[in-house]
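Residues per chain, in single letters:
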4 protein chains.
Amino acid sequence: MAATRKDSVVILIHCKDRKGIVARVSGFIHDFGGNILDSDHHTDEETNDFLMRMEFATEGLQIPPDEISAAFAPIAKVFEMRYEVHHSSHRTRVGMLVSKQDHCLADLLQRHRRDELHIDIPVIISNHDTCAEWAHLFKIPFVILPVTKETKPQQEQQVVSTLKSHRAELVVMARYMQILSADFLAQIGCPVINIHHSFLPAFIGANPYRQAYERGVKIIGATAHYATQDLDEGPIIEQDVIRVGHRDTVDDLVRKGRDLEEIVLARAVRRHIEHRVLVYGKKTVVFD
Amino acid sequence: MAATRKDSVVILIHCKDRKGIVARVSGFIHDFGGNILDSDHHTDEETNDFLMRMEFATEGLQIPPDEISAAFAPIAKVFEMRYEVHHSSHRTRVGMLVSKQDHCLADLLQRHRRDELHIDIPVIISNHDTCAEWAHLFKIPFVILPVTKETKPQQEQQVVSTLKSHRAELVVMARYMQILSADFLAQIGCPVINIHHSFLPAFIGANPYRQAYERGVKIIGATAHYATQDLDEGPIIEQDVIRVGHRDTVDDLVRKGRDLEEIVLARAVRRHIEHRVLVYGKKTVVFD
Amino acid sequence: MAATRKDSVVILIHCKDRKGIVARVSGFIHDFGGNILDSDHHTDEETNDFLMRMEFATEGLQIPPDEISAAFAPIAKVFEMRYEVHHSSHRTRVGMLVSKQDHCLADLLQRHRRDELHIDIPVIISNHDTCAEWAHLFKIPFVILPVTKETKPQQEQQVVSTLKSHRAELVVMARYMQILSADFLAQIGCPVINIHHSFLPAFIGANPYRQAYERGVKIIGATAHYATQDLDEGPIIEQDVIRVGHRDTVDDLVRKGRDLEEIVLARAVRRHIEHRVLVYGKKTVVFD
Amino acid sequence: MAATRKDSVVILIHCKDRKGIVARVSGFIHDFGGNILDSDHHTDEETNDFLMRMEFATEGLQIPPDEISAAFAPIAKVFEMRYEVHHSSHRTRVGMLVSKQDHCLADLLQRHRRDELHIDIPVIISNHDTCAEWAHLFKIPFVILPVTKETKPQQEQQVVSTLKSHRAELVVMARYMQILSADFLAQIGCPVINIHHSFLPAFIGANPYRQAYERGVKIIGATAHYATQDLDEGPIIEQDVIRVGHRDTVDDLVRKGRDLEEIVLARAVRRHIEHRVLVYGKKTVVFD
């Protein structure tokens, strides 16, 4: 997966397949003097869905990047497209949700610091104070919003309004350990990425490492997916696995799993913020 | 995993953990002039199970290999051990069950021919004639025992008696696609290894590749396990996985899965016939 | 990697990057009523090379597939493109070279038989008779051309003329164990894929598994590449690896390596015959 | 790889293979009332080397742990053994060497903080001040010892005396980027683990990621090994790999490599401090 190049525009498209889409979109870009740097598309033969990502240089472009989206609207209308236009100069604003475990948060913050991820992190929200030190070290506002069964609706409202006030464009659950309600997801209005500590759909639910240990599996995994109402049923962005053996205790599985969780979540976030992921139905297309 | 050396004896032991087991067993071997080539053991701290594999050279051994088992009985009694003694010169007799798909069978037969697996294959049983050519090529008796829902009990009886008459010590379901009844498993009296075309416990049941496709997973797997009454719940011997992407159709998953199934089944059979696998509870210990 | 769809045309393009290539090529396809099924391209920023693969349906195409190449020539001229046009209905004619070891050959033949690879195998050439049985089983002409140091030039001439008389469009060295001369490669006039039993560029030369064993590596690999004059320096198509440990002898490495060699070679052949590989400089682009 | 249990003793043994070693050593442990928790051994058939790791509980042991080594000496003499005795309660003192890149250091420090590694880190030495913040955060003394070609011998002396004054028992080069002289290695008197950013023996020397990019490999790797006089020739402890493709620039390889380097180094350190690694000749035995 290449780094997104500087000074480029990405257009993501989803519609029903018809003849001439590639020609029409690439013609549109060419007409404005754009040079296509990368293009990839996929047609799902079963559903007839057409999904495309095109990235083109802004150098020499004879239209202000801000006006591309409007200029493209007539084409989108013809083909009944759902589309997004993103400028590479824009840093996605990522709101982080975290609970007591800090490894995924620390990993993302370090990737952020060495500018491996082209993001801003305006706020970290937690129901505990455990991760405060990381926020302090990286000089990011840290908001503690404790939650109990009783206060959950109100706490979620506070989380939503905090994220909104920081204009989050992506929410990352870096081991947040709380199930977000349908209400939350409806209100937040931006994608939410979760890391699940198992190779979904195996070991849904609580204590997946304990479940894996008891089943005696020889491989464990982690899964990054978009959060949806149906817990653990969200579209999968990335998965990876590692071997385990009979000498591994549940604690060893947890330890090995941490490494997996960090890497799988980081890859999913990277792909999302490079606009390489398109959701359709219960699945994703990931353009590497 | 090393090749089992020529002219050696393997002793497999399972008992509750107590002090002095390793010393007692290695002393027993030493007393008869045996040189230990390989030893490995595992103690499950949660259950206090002690599981051990010791392999020692027969060269210089001052007891006929056939008498080792009887000589060891008093020690086994003291520690209340379940144990097995195997001689490396013995080729495990493997009865093969197969249905229409031939890839796992063909793979095992080729490994057998280049003596990668130290086995004999006295018989191949199938409910179809599709794989007859392979049996013919490798000069192995091929028995067709068709099965319908109605004739299943009788057909299973025929399978059992055919396997018994060929003195099978291990049964390998190389994509047999039939569920063996509890009766069958009780009667057959030897281990049965099955290859399941998914990363258990994910996608239990029919059409796992179709299920995986519809869920949009990024990795698929295969699982070799001992067959038990509870379908897909048998102790897992080996698993492996491969990446898939949005461009992969169900047919692509099936194709990629075939490679996995072959390799995972071959590894499981190899480990079993090298006496590296011990079952306890719902799990296995695999001594590599 | 998706199965190439039925009734489609693939166009492969290599030129220096300029504005408008995607628009021009997709416009060409659209003008003839073609529906693009899959498109992928890559621009090497260091060298300014543009490399593209486009696949479009023949259904509804208003030009006979045979005339596409000629019709495309004027565009190719403008952009100074090197290009190829392939029809999915065509089965690539693959000439096999093999020596004593049969595993890669047997693997490819079985994939061929279940039509996993859309190829014809008009001839198998060997310097030994070891693999004759496989050729016989699959009813493929088998030509034995023994070779010694002294007779190598003449033998190579025979190999070339045998492959040419069978109109081979791809030559696969399925563990042929002979180094093809520059003369051979110049004369054969079609790509040659070799499988090297190491993770190139590690362990170039003879006995790579012995070298790996002595170095004490923890992972071994296999590499499929196009054969070039500089032995082991050809553009790499595919590589894969497997873990090894201190218990693995050289024989174990050889055994584990066989599985790798089969799979890596099969993937490389598959990608080549689906027209997913473009060579530029010493490297390949593989469009999955 | 299991976590080393609390309150146990590990004995590591290397000698030429003879009959009775396992019986003699396990008898020794049993005589003092020790319960063997884990035992593993390997005999190299080519060289006749015998290598063993035994771990036994201190609970109920009828000898003070400090006296085990002396009590074992007579047995060691009989079999001409090289041996080590380690108590699990002891935390290995690890001196860290680091240069400008902080990812491996930060990773090890975080594992240390959550007590994933049973170590103490008495000092971090660097030739630059880049990593000072990490040392500060984790409250570990940070010593800057700049080095130039001219001052290298003196600087190495300072590094040696700093490490010695902090009683380092293991030195970890967490991307130190300096070649340690034979003199340094002779004087330091404890093992030194280095992380090399390639899949050794491929791409020895400078800029391995650039070399890998130019060769067009499909997989890159990282290697943790003990430092020896011959650069990049030290005994390998652990290796791992990741896939790369034509879209990956050199920067992408560097980024993907960072994740590998962290994980491979952490695994090697973990195995070393759990006394699972034995060096013999140019290789290691790693008891998982």
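Model, not experiment: these values are computed from the prediction.

Tell me about the relation of the copies chain D and chain C, and name the residues and values.
Superposing chain D onto chain C takes a rotation of 180° combined with a translation of 0.0 Å along the rotation axis, leaving an RMSD of 0.0 Å. Such values leave the two copies arranged in the relation of a two-fold axis. The position closest to the rotation axis in chain D is occupied by the C-alpha of D:A202, lying 2.3 Å away. Of all interface residues in chain D, 97% are interface residues in chain C too; the two copies therefore contact each other through one and the same surface.

Describe the interface of chain C and chain B, with residues and values.
Listed per partner, the contact involves 30 residues of chain C and 30 residues of chain B. Counting the surface lost from both chain C and chain B, the interface buries some 2,600 Å², and carbon and sulfur atoms represent 38% of this. Considering only the surface of chain C that becomes buried against chain B, C:R114, C:R247 and C:R255 emerge as the three largest contributors, covering 23% of it. Where chain C touches chain B, the interface holds 14 salt bridges. For the interface between chain C and chain B, the tally reads 12 residue pairs in polar contact (both at pLDDT 80 or more). Counting only elements with at least two residues in the side of chain C that touches chain B, the list comes to β2 (35-44), α3 (103-113), α4 (132-137) and α8 (250-273) of chain C. Each residue belonging to the side of chain C that touches chain B can be placed in one class, and the counts come to 8 nonpolar, 3 polar and 19 charged.

Give a detailed account of the sheet that holds strand β5 (residues 92-98) of chain D, specifying residues and quantitative values.
All names here are of chain D. Taken together, the 7 strands give an open sheet; going across it, the order is β7-β6-β5-β8-β9-β10-β11, and neighbouring strands pair in mixed fashion. Looking along the sheet, the strands with just one partner apiece sit at the ends: β7 (142-144) and β11 (236-243). Averaged over all adjacent pairs, the angle separating strand axes in this sheet is 20°, with direction ignored. The sheet contacts of helix α3 (residues 103-113) involve β5, β6 (119-126), β8 (170-173) and β9 (192-196), and relative to β6 the element is tilted by about 160°.

Outline helix α8 (residues 250-273) of chain D, supporting the account with residue identities and numerical values.
Owing to its 3.6 residues per turn, the α-helix aligns residues three or four sequence positions apart on the same side. All names here are of chain D. Along its 24 residues, α8 runs 34 Å from first to last C-alpha, staying within 8% of the 34 Å computed at 1.5 Å per residue. By the criterion of burial, α8 is predominantly enclosed, with 22 of the 24 residues buried. Of the residues flanking the end of α8, it is H275, one or two places downstream, whose phi is positive at about 60°.

Lay out the packing of aromatic side chains with the relevant residues and their values.
Scanning all chains against the criterion turns up 20 aromatic pairs over all chains. Where A:F199 meets B:F199, the ring centres are 4.9 Å apart and the plane angle is 75°; that geometry is what we call edge-to-face. Taken together, the residues A:F199 in the loop between β9 (192-196) and α7 (208-215) and B:F199 in the loop between β9 (192-196) and α7 (208-215) connect one chain to another. A relative accessible area of 3% means that B:F199 is categorised as buried. Aromatic ring contacts, followed pair by pair, group A:F28, A:F32, A:F72 and A:Y83 into a single cluster. Positioned above the aromatic ring of C:Y213, the side-chain terminus of D:K283 is 3.5 Å from the ring centre.

Mind laying out the pattern of salt bridges, listing which residues take part and the relevant values?
In total, this model carries 114 salt bridges over all chains according to the counting rule given. Between D:D240 and C:R243 there is a salt bridge; the shortest N-O distance is 3.6 Å. With one member in each of two chains, D:D240 in strand β11 and C:R243 in strand β11 (residues 236-243) form a pair that bridges those chains. Judged by its relative accessible area of 38%, C:R243 is partly exposed. It is possible to trace a salt-bridge network through shared partners that takes in B:D107, B:R111, B:R114, B:E116, C:R258, C:D259 and C:E262.

Hey, could you go over unusual backbone geometry for me, with residue numbers and the actual values?
Cis geometry is found at the peptide bond from A:L200 to A:P201, where omega equals 5°. Its identity is not glycine, yet C:N207 carries a phi of approximately 50°, on the positive side. Mapping C:N207 onto the fold places it in the loop between β9 (192-196) and α7 (208-215). One non-glycine residue, D:R175, adopts positive backbone phi at about 60°.

Got a sec to walk through the domain arrangement of chain A? Specific residues and values, please.
Quite often, the size of an interface is put as the accessible area lost when its parts meet. Residue and element names in this part refer to chain A. Structurally, chain A comprises domain 1 (8-87) and domain 2 (92-286). When each unit is reduced to the centre of its C-alpha atoms, the spacing between domain 1 and domain 2 is 31 Å. Residue-level contacts link 13 residues of domain 1 with 8 residues of domain 2. For the pair domain 1 and domain 2, the summed buried area comes to about 880 Å², and 63% of that belongs to carbon and sulfur atoms. Of all residues in domain 1, the largest losses of buried area upon contact with domain 2 belong to L12, L51 and R53, amounting jointly to 47% of the total for that side.

Account for the UniProt feature "domain: ACT" (unreviewed entry) in chain A, naming residues and giving values.
In the numbering used here, UniProt assigns the feature "domain: ACT" (unreviewed entry) to residues 10-90 of chain A. Helix makes up 28% of residues 10-90 of chain A and strand makes up 40%, while its end C-alpha atoms are separated by 11 Å.

Summarise the sheet that holds β9(C); cite the residues concerned and give the values.
All names here are of chain C. The 7 strands lie next to each other as β7-β6-β5-β8-β9-β10-β11, forming an open sheet whose pairing is mixed. Each having just a single partner strand, β7 (142-144) and β11 make up the two edges of the open sheet. Going across the sheet, the axis of each strand differs from the next one's by a mean of 20°, ignoring polarity. Of the pairings in the sheet, the one linking strand β6 (residues 119-126) to β7 comprises 3 bridges and is parallel in character. Across the sheet, residue I125 finds its bridge partner in β7, namely V143.

A description of the interface of chain D and chain C should follow, citing residues and the corresponding values.
Counting from both sides, the interface comprises 39 residues of chain D and, opposite them, 39 residues of chain C. Across the chain D to chain C interface the summed buried area is about 3,300 Å²; carbon plus sulfur atoms make up 49%. When the buried surface of chain D facing chain C is broken down by residue, D:R215, D:K218 and D:H246 rank first, second and third, together holding 23% of it. Put simply, chain D and chain C have 8 salt bridges between them. Our enumeration of links across chain D and chain C arrives at 22 residue pairs in polar contact (both at pLDDT 80 or more). Secondary-structure elements contributing two or more residues to the side of chain D that touches chain C are β2 (35-44), α7 (208-215), β11, α8 and β13 (283-286) of chain D.

A description of the side chain of D:Q155 should follow, citing residues and the corresponding values.
Tracing the backbone through its elements, the reader meets D:Q155 in helix α5 (residues 152-165). When near neighbours in sequence (up to four residues on either side) are disregarded, D:Q155 contacts D:N127, D:L145, D:P146, D:V147 and D:Y176.

Give a description of the state of the cysteines that names residues and reports values.
All names here are of chain D. Applying the stated criterion across every chain yields a total of 0 disulfides over all chains. Considering cysteine sulfurs only, C131 is the nearest to C104, which forms no disulfide, with 10 Å between them. Note on C104: relative accessible area 2%, which makes it buried.

Please provide a residue-by-residue account of the side chain of D:S88, values included.
Residue and element names in this part refer to chain D. Position of S88 relative to the elements: it lies in the loop between β4 (82-87) and β5. The buried category is assigned to S88, whose relative accessible area is 17%. Among the polar contacts listed, one links the side chain of S88 to the backbone nitrogen of D7, at a separation of 3.0 Å.

Please set out the packing of helix α8 (residues 250-273) of chain A against α8(D) residue by residue, giving values where relevant.
At a minimum axis separation of 13 Å, α8(A) and α8(D) run at an interaxial angle of 175°. In terms of orientation, α8(A) and α8(D) fall into the roughly antiparallel class. Contacts between α8(A) and α8(D) involve A:D252, A:R255, A:D259, A:I263 and A:R270 from the former and D:D252, D:R255, D:D259, D:I263 and D:R270 from the latter. Its residues assigned to classes, the contact of α8(A) with α8(D) comprises 2 nonpolar, no polar and 8 charged.

Conventions adopted
- Residues numbered from 1 in each chain as written.
- Chains lettered and ligands numbered in written order.
- Predicted model: local features only at pLDDT ≥ 70, side-chain atom pairs only at ≥ 80, totals over all residues.
- Heavy atoms only, no water.
- Least-squares fit on C-alpha atoms with pLDDT ≥ 70 in both.
- Contact = heavy atoms within 4.5 Å.
- Buried area = accessible area lost by both parts, 1.4 Å probe.
- Salt bridge = Lys/Arg side-chain N within 4 Å of Asp/Glu carboxyl O.
- Polar contact = N/O pair within 3.5 Å; in protein donor to acceptor, adjacent residues only side chain to side chain.
- Helix = DSSP H or I, 4+ residues; strand = E, 2+ residues; numbered from the N terminus.
- Nonpolar A, V, L, I, M, F, W, Y, C, P; charged D, E, K, R; others polar.
- Pairing = 2+ DSSP bridges.
- Axes fitted to C-alpha atoms, helices over the stretch in contact; angles between N-to-C directions.
- Expected span 1.5 Å × (residues − 1).
- Buried < 20%, exposed > 50% of the residue type's maximum accessible area, 1.4 Å probe, protein only.
- Phe/Tyr/Trp six-rings, centres within 6.5 Å; stacked < 30°, edge-to-face > 60°.
- Lys NZ or Arg CZ within 6 Å of the ring centre and 35° of its normal.
- Domains from an automatic or database assignment.
- UniProt positions renumbered as here; feature names shortened; annotations may be inferred.
- Disulfide = S-S within 2.5 Å.
- Parallel < 35°, antiparallel > 145°, perpendicular 65-115°, else oblique.

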